[in-house]
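Structural characterization, general
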Amino acid sequence: MEVKTALTETAILKCRDAMLALRPHIAPAAFVPMVKEMIAEGYQLAYVEADGKAAAVIGYRYLQYLYNGKHIYIDDLSTLPEYRGKGYAGLLLDYVESEAIVKGYQAVTLDSGHHRAAAHRLYMNKGFTIVAHHFSKTLK
């Protein structure tokens with residue numbers, strides 16, 4: 001299994017269905033322009049292909065914060081329902097961890113909805129720990 005990076009519009013579009021499984025609020029037509037804008041801001045999109053489509057995707061950024069130094073922050077990790085349980089998400093997490101190690105970064109971080117128990121099991125099995133609560137305020 002090979003992890004590929006989505007750099008072209010064609011590759012980004014290939015990732016759309018897997019990403020919309022996690023982010024259904026995004027209009028399908030808005031996906032490619034949004035990701036292209038995010039890539040210009042430092043977002044990275046990678047995927048594992050199966051049966052000619054992206055079966056699983058991961059979106060991440062290289063960041064630096066005062067509290068934990070240089071790290072990779074995972075924005076998105078999603079697998080199409082029919083490909084879950086095949087190890088694709090774990091492979092993508094390993095890929096991002098390897099990227100962080102090569103760059104000499106101190107950590108890989110992510111936020112996850114409190115209701116996503118299956119995802120939390122994966123993260124814990126991959127060595128992640130719960131270190132904070134994430135707070136958000138929606139502005140009108």
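Right above here is the structure, for reference.
As a starting point, this report considers the structure included with it. Everything numeric in this text was worked out from a predicted model, so none of it was measured. (Residues numbered from 1 in each chain as written. Predicted model: local features only at pLDDT ≥ 70, side-chain atom pairs only at ≥ 80, totals over all residues. Heavy atoms only, no water.)

Observations regarding the overall build of the chain
- From N to C terminus, the chain includes 4 helices and 5 strands.
- When the helices and strands of the chain are read in sequence order from the N terminus, they spell out β-α-α-β-β-β-α-β-α.
- With respect to the three principal axes, the spread of C-alpha positions in the chain is 40 × 40 × 30 Å.
- Within the chain, the proportion of its 140 residues that are buried is 39%.
- If you take every contact in the chain between residues at least 6 apart in sequence, the share linking residues at least 24 apart comes to 58%.
- Element-wise, carbon and sulfur atoms account for 54% of the exposed surface of the chain, whose accessible area totals about 8800 Å².
- Side chains of the chain carry 16 positive and 14 negative charges; the gap between the two charge centres is 5 Å. (Helix = DSSP H or I, 4+ residues; strand = E, 2+ residues; numbered from the N terminus. Buried < 20%, exposed > 50% of the residue type's maximum accessible area, 1.4 Å probe, protein only. Contact = heavy atoms within 4.5 Å. Areas by Shrake-Rupley, 256 points an atom, 1.4 Å probe, with all protein chains shown as cover. Lys, Arg positive; Asp, Glu negative; His and termini not counted. Charge placed at Lys NZ, Arg CZ, Asp CG, Glu CD.)

A look at the packing of aromatic side chains
- Evaluated as defined, the whole model comprises 5 aromatic pairs.
- Where tyrosine 65 meets tyrosine 67, the ring centres are 5.6 Å apart and the plane angle is 25°; that geometry is what we call stacked.
- Judged by relative accessible area, which is 35%, tyrosine 65 ranks as partly exposed.
- Across from the ring centre of tyrosine 62, 4.7 Å away, lies the NZ or CZ of lysine 103, which sits over that ring. (Phe/Tyr/Trp six-rings, centres within 6.5 Å; stacked < 30°, edge-to-face > 60°. Lys NZ or Arg CZ within 6 Å of the ring centre and 35° of its normal.)

So, the pattern of salt bridges
- For the structure shown, the criterion picks out 7 salt bridges.
- Between glutamate 49 and lysine 14 there is a salt bridge whose closest N-O contact spans 3.3 Å. Highlighted residues: glutamate 49 in strand 2 (residues 44-50) and lysine 14 in helix 1 (residues 9-22), separated in sequence by 35 residues.
- With relative accessibility at 29%, the residue lysine 14 sits in the partly exposed group. (Salt bridge = Lys/Arg side-chain N within 4 Å of Asp/Glu carboxyl O.)

Brief notes about the sheet that holds strand 3 (residues 53-65)
- Ordered by their spatial adjacency, 5 strands build an open sheet running 1-2-3-4-5, and the pairing between neighbours is mixed. Strand pairing shows two members of the sheet lacking a second neighbour, strand 1 (3-5) and strand 5 (107-110), which therefore form its edges. Pairwise comparison of adjacent strand axes, ignoring direction, gives a mean angle of 35° for this sheet.
- Of the pairings in the sheet, the one linking strand 3 to strand 4 (residues 69-79) comprises 10 bridges and is antiparallel in character. Of the residues in strand 4, the one forming a bridge with alanine 56 is threonine 79. (Pairing = 2+ DSSP bridges. Axes fitted to C-alpha atoms, helices over the stretch in contact; angles between N-to-C directions.)

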